Amino acid sequence: MSAKHCSFCRKSEREVSTLIAGDASVYICNECVRLSLPLLDQEREPALYVSSRVAHLPMWARLRAGGMPIISTWINHAKTPEDFSMLWRTIEREIQQCSAFVLYVMEPDDFPLKGALVEVGMALTAGRRVFVALEDGIELEGDTFRPLGSWIKHPGVTLVHQTNALDEALRLALAVS
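Everything in this summary refers to the structure shown in the same document. In this text, all values refer to a predicted model and were calculated from it rather than measured experimentally.

Each value, and the rule that gives it
- Residues numbered from 1 in each chain as written.
- Predicted model: local features only at pLDDT ≥ 70, side-chain atom pairs only at ≥ 80, totals over all residues.
- Heavy atoms only, no water.
- Core = buried A, V, L, I, M, F, W, Y, C linked by side-chain atoms within 4.5 Å.
- Buried < 20%, exposed > 50% of the residue type's maximum accessible area, 1.4 Å probe, protein only.
- Helix = DSSP H or I, 4+ residues; strand = E, 2+ residues; numbered from the N terminus.
- Contact = heavy atoms within 4.5 Å.
- Disulfide = S-S within 2.5 Å.
- Axes fitted to C-alpha atoms, helices over the stretch in contact; angles between N-to-C directions.
- Parallel < 35°, antiparallel > 145°, perpendicular 65-115°, else oblique.
- Left-handed = near helix turned anticlockwise from the far one by under 90°.
- Nonpolar A, V, L, I, M, F, W, Y, C, P; charged D, E, K, R; others polar.
- Pairing = 2+ DSSP bridges.
- Salt bridge = Lys/Arg side-chain N within 4 Å of Asp/Glu carboxyl O.

Moving on, we get to the nonpolar core. Soluble, globular proteins show a tendency: their nonpolar side chains are buried together. Ranked by internal contacts, the top residues of the largest apolar core, which has 43 residues, are W60, F101, V102, L103, V130 and L166. The biggest single contributor to this core is strand β4 (residues 100–105), with 6 residues. Among residues more than four places away in sequence, those in contact with L103 are S51, S52, L113, A116, V120, F131, V132, A133 and W151.

Okay, structure coming up:
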């Protein structure tokens, strides 16, 4: 019986840490899987995860009904902040699957963002681009960027701070996909 090997790179099972079996003696190693992931990311359809205060839920539902590729299921289930306690695992999975993340802040009353900031952290940890739509009239303080915070300067974050910021942030997020 011959040793199993990756059908792509031809490395034997002794040369790699994991060898995944397919049909008819076809195998792929962990190294080839890792190399293929960026290619799969490039081929996927746009899938936006959106976040904001729950008060903006009707707007997200309208955008999704109009064809915007929003995958955030909290829009279907969350009516109050307390509803999120059962949704965190789903939120985490959706953020990992999204092609880009959009955070919307319409007015000063949208602060504090609480759970939305946890979602931003999840997106950055998953390597997703984050687009922050901050409408005109919301001021960020000096070097601290309060009330958002210094994370806004993370290299994976694009701040859109203007009138109609959401339209531009969604356009940019779709372009990443």
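Glancing now at the state of the cysteines. Per the stated rule, a full pass over the model turns up 0 disulfides. Free cysteine: C9, not disulfide-bonded; nearest cysteine sulfur from C29 at 3.8 Å.

Here we take up unusual backbone geometry. With an omega of 0°, the peptide bond between F111 and P112 qualifies as cis. Its location among the elements puts P112 in the loop between β4 and α5 (115–125). For R10, which is not a glycine, the phi torsion comes out positive at approximately 70°. Note on placement: R10 falls in the segment before β1 (19–21). R10 gets classed as exposed once you look at its relative accessible area, which sits at 53%. With a phi close to 60°, N164 is a non-glycine residue in the positive phi region. Locating N164 in the fold gives a position in the loop between β6 (157–162) and α6 (165–176). Note on N164: relative accessible area 48%, which makes it partly exposed.

Turning our attention to the packing of helix α4 (residues 88–97) against α5. Where α4 meets α5, the axes come as close as 9 Å, and the angle between the chain directions of the two elements is 40°. Considering their axes alone, α4 and α5 lie oblique with respect to each other. Handedness of the α4/α5 crossing: right-handed. Of the residues in α5, those touching α4 at W88, I91, E92 and I95 are G115, V118, E119, M122 and A123. Class assignment of the residues belonging to the contact of α4 with α5 gives a composition of 6 nonpolar, 1 polar and 2 charged.

Take the side chain of S12 next. Tracing the backbone shows S12 in the segment before β1. Beyond its immediate sequence surroundings of up to four residues, S12 is in contact with K4 and H5.

Now for the sheet that holds β6. Spatially, β3-β4-β5-β6 is the arrangement adopted by the 4 strands of the open sheet, whose pairing is parallel. Two strands in the sheet have a free side with no partner beyond their single neighbour: β3 (48–51) and β6. Within this sheet the neighbouring strands show an average axis-to-axis angle of 20°, counted without direction. In the sheet, strand β5 (residues 129–135) pairs with β6 via 6 bridges, with the strands oriented parallel. Residue pairing across strands places F131 opposite T158, the latter belonging to β6. Each of β3, β4, β5 and β6 is contacted by α5, which is oriented at about 155° to β4, the strand it contacts most. α6 contacts β3, β4, β5 and β6 of the sheet and is inclined by roughly 170° relative to β5.

Before going further, it helps to spend a moment on the pattern of salt bridges. Any two side chains of opposite charge can pair, on the condition that their charged atoms come close. Counted under the stated rule, the structure contains 3 salt bridges. For E92, the salt bridge goes to R89, with nearest N and O atoms at 3.7 Å. Here the residue E92 and the residue R89 both occupy positions in helix α4, the gap between them amounting to 3 residues, near one helical turn. The exposed category is assigned to R89, whose relative accessible area is 67%. Between R171 and E168 there is a salt bridge, and its shortest N-O distance comes to 2.6 Å. One end of the pair is R171 and the other is E168, both in helix α6 and 3 residues apart, which spans about a single turn. Its relative accessible area of 47% is what places R171 among the partly exposed residues.

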